Amino acid sequence: MAEASRSTADAGAGIARLVERTIQRNIKGLEYFASAAPPVGLTAKEVIYKRGTLNLYHYKPRAEEIYRVPILMVMATTNRGYVFDIAEDHSFVRFLLDAGYDVFVMDWDAPRPEEKSLSLDDYANRFIDDCLSRVRETTGEEDVTLAGYCMGGVLSTVYAATHPEAPIKNLVCFTTPIDFSRMELFAHMAQRRYFDVDRLVDTIGNATPELLLTSFDMLRPSGRVAGQRMLWDNMWNGDFVEFHRKMERWSNDMLPLAGEYFRDTVKKLMWDNQLLEGTLEVGGRTADIGNITVPLFHAVALHDHIVPYEASKHLVALAGSEDKTEITLKGGHISLIAGPNAARRLWPTLDEWLAERSV
């Protein structure tokens, strides 16, 4: 009899929870559509250098003791750098600051029509070179850790491979493609027999964000529908909704690509696979990954649909470094570096690796 009473009570409690969640889902659903986009990138910082599309941020220290070697983080040119600082309790930047690192971030604005001539040489050579000089001037330190995410990792790798004499103490990459033939859907969409990149760039100049966003959506055609369904299922959960909105804002906040940089990416990387082949020339130098001899850390995501492991696995294998580490973590292309999964997996692992190499 007592057992039956408990079962009835448990069923009643379950129904009550379901009713409460339904009420909250409807209330928060109305709030979702009525409220403005949530703020992002709130950790204190200042712009210490600006050149064209480039903004170099220096974040305010948050720890009493700071590691000697500062970190210069390079964002992919298609997206905003606030993914590193997406929310107060899900901020990669804030984690690094609290751990005692001096953090700088290369972030991007949309290239103006007259900046369509910016090329791979500008992004992977001149911009990074300028920022390394600014970081060294600001900190008074000779060595800098260079860290890049996705195509920011490609730019960082190209710079390190073409500047073996540069004051780079460590190279850190996240989900960085090297074999562009294994970026399979992108490779199919950009086949030279179908895709006239010269005509596109010569006609419109910069590659539009709509073109890029559609390309990413085609990787997972049902991704947005699935995301909206997950949002509705969790609409009662205020924390989930807020974080979802911030990530959705970032993923939709895509930037156009400078025309010549887009042309270089398609022809040199997608078509000729020059980074993997060791034939890529930037700034009059050959980007041979074997030239990289500094400590190297590369994190890849087990379920990355944008940069599959087959595309990224060659970085550590080809690098000439004796001290090199590759880790494969659960998660996708974005959740690897941002959000609760990243806070539990990548961030502490990187801190452990970087701490002894930043003194």
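See the structure above.
Owing to the predicted nature of the structure, the values given are computational and were not obtained by experimental measurement.

Rules of the game
Residues numbered from 1 in each chain as written. Predicted model: local features only at pLDDT ≥ 70, side-chain atom pairs only at ≥ 80, totals over all residues. Heavy atoms only, no water. Axes fitted to C-alpha atoms, helices over the stretch in contact; angles between N-to-C directions. Helix = DSSP H or I, 4+ residues; strand = E, 2+ residues; numbered from the N terminus. Parallel < 35°, antiparallel > 145°, perpendicular 65-115°, else oblique. Contact = heavy atoms within 4.5 Å. Nonpolar A, V, L, I, M, F, W, Y, C, P; charged D, E, K, R; others polar. 1 Å grid on protein atoms, 1.4 Å probe; cavity = no way out; pocket = protein on both sides within 12 Å on 5 of 7 lines; lining within 4 Å. Points joined across faces, edges and corners; volume = space filled by probe spheres on them. Phe/Tyr/Trp six-rings, centres within 6.5 Å; stacked < 30°, edge-to-face > 60°. Buried < 20%, exposed > 50% of the residue type's maximum accessible area, 1.4 Å probe, protein only. Core = buried A, V, L, I, M, F, W, Y, C linked by side-chain atoms within 4.5 Å. Expected span 1.5 Å × (residues − 1). Bend = angle between axes of the 7 residues up to and from the residue. Salt bridge = Lys/Arg side-chain N within 4 Å of Asp/Glu carboxyl O. Polar contact = N/O pair within 3.5 Å; in protein donor to acceptor, adjacent residues only side chain to side chain.

Visitor: I'd like to hear about the packing of helix H6 (residues 197–204) against helix H10 (residues 259–271), residue by residue, with values.
Guide: H10 packs onto H6 with a crossing angle of 175° between their chain directions and a minimal axis gap of 9 Å. Viewed along their axes, H6 and H10 adopt a mutual orientation that is roughly antiparallel. Contacts from Val197, Asp198, Leu200, Val201 and Asp202 in H6 reach Gly259, Glu260, Phe262, Arg263, Val266, Lys267 and Trp271 in H10. Of the residues that constitute the contact of H6 with H10, the class distribution is six nonpolar, one polar and five charged.

Visitor: Break down empty space enclosed by the protein for me, with residues and values.
Guide: Here the structure, examined in full by the defined rule, presents three cavities of 30 Å³ or more. In terms of lining residues, the largest cavity is bounded by Ala160, His163, Pro164, Ala166, Ile168, Asn291, Ile292, Thr293 and Val294. The space that makes up the second largest cavity amounts to roughly 40 Å³. What lines the second largest cavity is Ile71, Met73, Phe92, Leu96, Thr145, Ala147, Val172, Phe174, Leu350 and Leu354. Looking at the lining of the second largest cavity, the elements that each hand over two or more residues are strand E3 (71–74), helix H2 (92–98), strand E5 (144–149), strand E6 (168–174) and helix H15 (346–355).

Visitor: So what's going on with the packing of aromatic side chains? Residues and values would help.
Guide: Summed over all chains, the structure comprises twelve aromatic pairs. Where phenylalanine 92 meets phenylalanine 174, the ring centres are 5.9 Å apart and the plane angle is 70°; that geometry is what we call edge-to-face. One end of the pair, phenylalanine 92, is in helix H2; the other, phenylalanine 174, is in strand E6, with 82 residues separating them in the sequence. Take phenylalanine 92: its relative accessible area is 1%, and that puts it in the buried class. A residue is classified by how much of its surface remains accessible, and phenylalanine 174, at 1% relative accessible area, is buried. A ring pair is formed by phenylalanine 195 and phenylalanine 262, whose centres lie 6.2 Å apart and whose planes are at 75°; its orientation type is edge-to-face. With phenylalanine 195 in the loop between helix H5 (184–189) and H6 and phenylalanine 262 in helix H10, the pair connects residues that are 67 residues apart, well separated along the chain. By relative accessible area, which is 18% here, phenylalanine 195 ends up buried.

Visitor: Now, about the nonpolar core: what can you tell me, with residues and values included?
Guide: Residues Leu72, Phe84, Met106, Phe174, Leu275 and Leu346 are the most contacted members of the largest nonpolar core, which totals 102 residues. Here this core takes eight residues from helix H3 (residues 120–139), the largest share from any one element. Leave out the neighbours within four places in its chain, and phenylalanine 84 touches Met73, Met75, Ser91, Phe92, Val93, Val105, Tyr149 and Ile337.

Visitor: How would you sum up the packing of H3 against helix H4 (residues 151–162)? Please name residues and give values.
Guide: For the pair H3 and H4, the least separation of the axes is 9 Å and the interaxial angle reads 75°. Compared by their axis directions, H3 and H4 come out roughly perpendicular. Residues Leu120, Tyr123, Ala124, Asn125, Ile128, Asp129 and Leu132 of H3 touch H4, and the partners they reach there are Leu155, Ser156, Val158 and Tyr159. Residues of the contact of H3 with H4, tallied by class, amount to eight nonpolar, two polar and one charged.

Visitor: So, the side chain of serine 156: which residues are in play, and what are the values?
Guide: Residue placement: serine 156 occurs in helix H4. On the accessibility criterion, serine 156 (0% relative accessible area) is buried. In contact with serine 156, not counting residues within four places along its chain, are Val74, Ile128, Leu146, Ala147, Gly148 and Leu171.

Visitor: Describe unusual backbone geometry, and please don't skip the residues or the numbers.
Guide: Despite not being glycine, cysteine 150 has its phi angle at roughly 55°, a positive value. Take cysteine 150: it is sitting in the loop between E5 and H4. Judged by relative accessible area, which is 12%, cysteine 150 ranks as buried. Even without being glycine, threonine 175 reaches a positive phi, approximately 45°. Assignment of secondary structure puts threonine 175 in the loop between E6 and H5.

Visitor: How would you explain H3 if you had to name every residue and give the values?
Guide: The terminal C-alpha atoms of H3, which comprises 20 residues, lie 28 Å apart, in line with the 28 Å expected from a rise of 1.5 Å per residue. Where H3 bends most, at isoleucine 128, the angle is about 25°. All of the buried residues along H3 are Leu120, Asp121, Asp122, Tyr123, Ala124, Asn125, Phe127, Ile128, Cys131, Leu132 and Val135.

Visitor: With reference to specific residues and values, describe the pattern of salt bridges.
Guide: It is possible for side chains bearing opposite charge to pair when their charged atoms get close. In total, this model carries 25 salt bridges according to the counting rule given. When the shortest N-O distance is used, the salt bridge between aspartate 109 and lysine 50 registers 2.8 Å. Here aspartate 109 is found in the loop between strand E4 (103–108) and H3, whereas its partner lysine 50 is found in strand E1 (residues 45–51), with 59 residues between them in sequence. Exposure remark for aspartate 109: the relative accessible area of 27% places this residue in the partly exposed category. What makes lysine 50 partly exposed here is its relative accessible area of 48%. Residue arginine 182 pairs with glutamate 310 through a salt bridge whose shortest N-O separation is 3.9 Å. Of this pair, arginine 182 sits in the loop between E6 and H5 while glutamate 310 sits in helix H12 (residues 309–312); the two residues are 128 residues apart in sequence, bridging distant segments of the chain. Assessed through its relative accessible area of 30%, glutamate 310 is described here as partly exposed. Through salt bridges that share partners, Asp198, Asp202, Glu260, Arg263 and Lys267 make up one connected network.

Visitor: Tell me about the environment of arginine 263, and name the residues and values.
Guide: If you trace the backbone, arginine 263 turns up in helix H10. Note: C-alpha distance between arginine 263 and aspartate 198 (65 residues apart in sequence) is 7.0 Å. Ignoring anything within four residues of it in the chain, the contact list for arginine 263 reads Val197, Asp198, Val201, Asp202 and Lys268. A polar contact is formed between the side chain of arginine 263 and the side chain of aspartate 202, at a distance of 3.0 Å.

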